[in-house]
Amino acid sequence: MGVNDQMVSNTIAISAGHHPGDSGAKYGIYTEYGEMIKWQALVIEYLSEYDIHVVIVPSRTLNEKIKYINDLSPIYAIELHLNGNIPNASGCETLYYPGSERGYLLGSYLQDAQVSSCGLRDRGIKERDDLGFLKYTNCPAVITETEFISNYSTVASIRDCACKAIAEGIYKAYEDGV
């Protein structure tokens, strides 16, 4: 029986933002997608310490990712991103769909964990009604925008800390019944 054929009550879907055909934000030779694939692997590695069933969302188009997630029926979906190439901008923000109380709460856990663990500037938890990942997934979903790709040296230096914080935030939200 494949993972899509079973409903696991503690399944969490982790997606790397963008895909090979749409690499997202760029800074020099670095792409958002290239970095987020690394982060996805680290978050999943850290989550392996907990009794949570984690599923990697395949790197496909947004509509294909949403269909995959909705067919899976996880308790949450998290997509990992970096903000764009904006000189002198910095900080972490987490996005959720307006009216999604569980999305807001999950976002709060992830935002708080990243800011407190990694010393990131807190750009807040923000409602976004224009992002398909948030709007069309059937489960609570959040998008983390951990830093700006234009601060690539910071992005690289916080990778391990941020991924561990994201995993810890997911686990705490799960343990608290969010």
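Let me begin by describing the structure that accompanies this report. (Residues numbered from 1 in each chain as written. Predicted model: local features only at pLDDT ≥ 70, side-chain atom pairs only at ≥ 80, totals over all residues. Heavy atoms only, no water.)

## Overview of the state of the cysteines
Next up, step 1: Under the definition given, this model contains one disulfide.
Next up, step 2: Sulfur-sulfur distance for the disulfide between Cys118 and Cys161 comes to 2.3 Å. Because the torsion about its S-S bond is -110 degrees, the bridge between Cys118 and Cys161 counts as left-handed. Separated by 43 residues along the polypeptide, Cys118 in helix H3 (residues 101-118) and Cys161 in helix H5 (residues 152-175) bring together distant segments of the chain. (Disulfide = S-S within 2.5 Å. Helix = DSSP H or I, 4+ residues; strand = E, 2+ residues; numbered from the N terminus.)

## Here's the deal with the nonpolar core
Next up, step 1: Ile14, Trp39, Ile78 and Ile170 are the most contacted members of the largest nonpolar core, which has 38 residues in total.
Next up, step 2: At the level of elements, strand S1 (11-16), helix H1 (32-47), strand S5 (76-83), strand S6 (92-96), H3 and H5 are the ones that each hand at least two residues to this core.
Next up, step 3: With 10 residues, H5 is the largest single contributor of residues to this core.
Next up, step 4: In this view, Trp39 contacts Leu80, Thr146, Val155, Ile158, Arg159, Ala162, Cys163 and Ile166; residues no more than four positions away in its chain are not counted.
Next up, step 5: Counting residues in hydrophobic clusters, the runner-up holds 13 residues, among them Val57, Ile69, Leu95 and Ala141. (Core = buried A, V, L, I, M, F, W, Y, C linked by side-chain atoms within 4.5 Å. Buried < 20%, exposed > 50% of the residue type's maximum accessible area, 1.4 Å probe, protein only. Contact = heavy atoms within 4.5 Å.)

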